[in-house]
Amino acid sequence: MGSQEIEVFTVCHADAIERGGAQGFSLSRIDASGESRPFPIVVVRTFDNDYHGYVNRCPHDGVWLNIGSGEFFSSDRAFLRCGRHGATFEIDSGFCIDGPCNGKALEPVALAVIGGDVCLCGVKLVEDNGFPDPFEDSDETMDIMIHPD
């Protein structure tokens with residue numbers, strides 16, 4: 001049996017998400033054709049310090065769960081909730097228990113906590129090296145002249 005390398009990308013520091021909290025991330029992944037596509041995910045940290053990850057897309061109509069209010073949770077924080085039509089999902093399974101997508105589930109993403117970081121596993125992401133510095137290779141400086149009127 002040959003070993004196959006699994007893609008692992010750091011999403012955030014584990015403590016960046018409070019216990020009982022969730023945070024959305026806008027990532028980009030490489031699809032089967034090699035093109036970069038948006039890949040929004042939500043990472044949930046439970047009070048028991050477990051991490052669950054899902055594609056941030058409601059199975060009913062494809063909108064982000066946190067559309068509108070920016071909240072991921074039901075008012076009692078016991079479930080994930082779609083901000084558009086109120087569908088509720090179990091936090092640990094992503095299974096919809098109420099709403100127009102009842103019986104369907106959020107698409108899970110594999111997460112692991114490695115060295116204090118929450119990492120996404122098995123998805124080829126586009127690496128973001130930040131914005132290029134427009135002055136990095138420039139030897140020229142801008143002269144500002146102030147002229148009296």
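I will try to describe carefully the structure that is included in this document. Starting from 1, residues in each chain are numbered consecutively following that chain's sequence as written. Restriction of local features to residues with pLDDT of at least 70 applies here, the model being predicted, together with a cutoff of 80 or more for giving and counting side-chain atom pairs; totals for whole chains, interfaces and linings are based on all residues. Side-chain numbers come from the whole structure's heavy atoms, not from hydrogens or water.

1. Thoughts on the pairing of strand β9 (residues 117-121)
- Buried means the residue's accessible area, taken with a 1.4 Å probe over protein chains only, is under 20% of the maximum for its type, while exposed means over 50%, and partly exposed covers the values in between. Under the scheme used here, helices are H or I runs from DSSP no shorter than 4 residues and strands are E runs no shorter than 2 residues, and both carry numbers assigned from the N terminus. Counting buried residues along β9, four of its five residues qualify, which places the element largely inside the surrounding structure.
- For strand β1 (residues 8-13) and β9, the ladder comprises five bridges, and the chain directions are antiparallel. Counterpart to Val8 in the pairing with β9 is Cys121.
- Pairing between strands requires that DSSP locate at least two bridges from one strand to the other. Across five bridges, strand β8 (residues 108-114) lies against β9 in antiparallel orientation.

2. A closer look at the pattern of salt bridges
- For this document, the term salt bridge refers to a Lys or Arg side-chain nitrogen within 4 Å of an Asp or Glu carboxyl oxygen. The final tally for this structure, using the stated rule, is five salt bridges.
- As a salt-bridge pair, Arg37 and Asp31 come within 3.2 Å of each other at their nearest N and O atoms.
- For Arg37, a relative accessible area of 41% translates into the label partly exposed.
- With its nearest N and O atoms 3.9 Å apart, the salt bridge here joins Arg77 to Glu71.
- Given the relative accessible area of 34%, Arg77 is considered partly exposed.

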